[in-house]
Amino acid sequence: MEDTELGRKSLSRREFLAGTTAVLAGGSLLAACGGSTSTSSSNSTNYTFVLIQGVKGDPFYVTMQKGAQAMADKLGVKLLVDGPAQFSATLQAPIVDAYIAKKVDVMIIAACDKQAMIAPLQRANDAGIKVISVDTFIGNGDYANGPVTFPLSYIGSDNVQGGMIAGQALIKAIGNKGGIYIENVIPGISTTDQRQQGCEQAIKATNGAVTLVGSNYDNDSAATASQQVSALLSSNKGTQVNGIFGTNLFSAEGSAQAVKNANKQGQIKIANFDAPQQAINDLNSGAVDLVIAQKPTDMGSTAVQYGVYALTGKTSSIQKRVATGYVVIDKTNVNDPASQNAIYKSS
Ligand code: T6T
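Residues numbered from 1 in each chain as written. Predicted model: local features only at pLDDT ≥ 70, side-chain atom pairs only at ≥ 80, totals over all residues. Heavy atoms only, no water.

Trainee: I would appreciate a short explanation of the nonpolar core in the present structure.
Mentor: A general feature of soluble globular proteins is that nonpolar side chains tend to end up buried together. Grouped together as the largest cluster of nonpolar side chains are 86 residues, with contacts concentrated most on Phe49, Met107, Ile108, Met117, Leu121, Val134 and Ile138. Per-domain counts for this core show at least three residues from each of domain 1 (23-158 + 295-330) and domain 2 (159-293). Not counting chain neighbours up to four residues away, the residues in contact with phenylalanine 49 comprise Val77, Lys78, Leu79, Leu80, Val106, Ile108, Val304, Gly307, Val308 and Leu311. Grouped together as the second largest cluster of nonpolar side chains are 16 residues, Leu170, Ile174, Phe273 and Ile292 included. (Core = buried A, V, L, I, M, F, W, Y, C linked by side-chain atoms within 4.5 Å. Buried < 20%, exposed > 50% of the residue type's maximum accessible area, 1.4 Å probe, protein only. Domains from an automatic or database assignment. Contact = heavy atoms within 4.5 Å.)

Trainee: Would you mind going over the environment of leucine 152 with me for this structure?
Mentor: Summarising the element assignment, leucine 152 is placed in the loop between β6 (130-134) and β7 (154-156). Sequence separation between leucine 152 and lysine 130 is 22 residues, and the spatial gap between their C-alpha atoms is 7.1 Å. In this structure, leucine 152 is in contact with Lys130, Val131, Ile132, Ala310, Ile318, Gln319 and Lys320, ignoring residues within four places of it in sequence. (Helix = DSSP H or I, 4+ residues; strand = E, 2+ residues; numbered from the N terminus.)

Trainee: How do you make sense of the packing of helix α6 (residues 159-173) against helix α7 (residues 190-204) when you look at a structure like this?
Mentor: When two helices pack together, their arrangement is given by the angle between the helix axes and by the axis-to-axis distance. Orientation of α6 relative to α7, taken along the N-to-C sense of each, is 40 degrees, at an axis distance of 6 Å. With respect to α7, the axis of α6 lies oblique. At the point where α6 passes α7, the crossing takes the right-handed sense. Of the residues in α7, those in contact with Asn159, Val160, Gly163, Met164, Gly167, Gln168 and Ile171 of α6 are Thr191, Gln194, Arg195, Gln197, Gly198, Cys199, Gln201, Ala202 and Ile203. Here the contact of α6 with α7 is composed, by residue class, of six nonpolar, nine polar and one charged. (Axes fitted to C-alpha atoms, helices over the stretch in contact; angles between N-to-C directions. Parallel < 35°, antiparallel > 145°, perpendicular 65-115°, else oblique. Left-handed = near helix turned anticlockwise from the far one by under 90°. Nonpolar A, V, L, I, M, F, W, Y, C, P; charged D, E, K, R; others polar.)

Trainee: I would appreciate a short explanation of the site of the ligand in the present structure.
Mentor: As a matter of local geometry, the ligand sits amid 13 residues, with Asp58, Asp135, Thr191, Arg195 and Asp274 nearest to it. Aspartate 135 places a side-chain nitrogen or oxygen 2.6 Å from an oxygen atom of the ligand. Between the ligand and the protein, one listed contact pairs an oxygen atom with a side-chain N or O atom of threonine 191 at 2.7 Å. Taken by itself the ligand offers 300 Å² of open surface, and the protein chains cover 100% of this. (Near = heavy atom within 4 Å. Polar contact = N/O pair within 3.5 Å; in protein donor to acceptor, adjacent residues only side chain to side chain. Areas by Shrake-Rupley, 256 points an atom, 1.4 Å probe, with all protein chains shown as cover.)

Function cannot be read off these values alone, since they describe shape.
Have a look at this one:
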């Protein structure tokens, strides 16, 4: 029986996993069976992984895919990549089910919602698939002691810290007094919920010198973010806004656009989470004051490495939480190699 989706002979999961030690020691099981694979590495393991992104086409996930693919090539893993057209658990859950049906060995996923994606991913785990979280988590993200412990690891930024970095930089940029507005994505995304939380903590620590003017959700659309910020700036609350925190790439991009449209660049300070080329252009032109670059390449490569560890019995090499860190970019270091290397790829 041929499993055409994976391009390999179908084995029961137990047979397949039992065969992997021999595969690693003695070359490709697939070659022995006369099948074919897309990996050209002589190190081919015959494992198939899927990376399920939070949303297709987002430069953050495009960059993560590159890191995952580089490690997959190195380790001889076949990597499939998929994701919903919008950042939506309703659209992402059927994708999870499709890859359960395809019997992938490892599912690396940026879950679109910390609650709604628990059940679909539990189904993957129950089917014997190793589940690894990248970028976002499910449950409360504490896979050692929290309510959800089946994912092998949570590999991603410390997002409370990231929100705090943004908040503190904005507070300094506005002279330690005034109002901050937060443009957010969709409630329930672990990353952006925590970024808002971190920024609010920084505001609270000013003991009232800086206040939160408001916040809103743009459904991961730069156009909606821009409309919301434009409406705010032209309302009677507009004069209270001295700084804006855009909690992800599209929220920040739309916020910066609205500030430019209102001719207030430089006057209203902006902390931009995520580092596409546009954010760097905005930093250079003075429209944005701070760009917080995550390390999606490292998230992707570590996740693939962990998947192979899990399949080859090296579970002691897997940490339940890997915080991947940031490159914080402002005008003083934008041309440093570390900052330039941190800019996300768009294709
Ligand atoms: O900020 C990233 C990611 O960390 C977040 O979970 C969703 O939005 C991005 O993909 C950027 O658009």
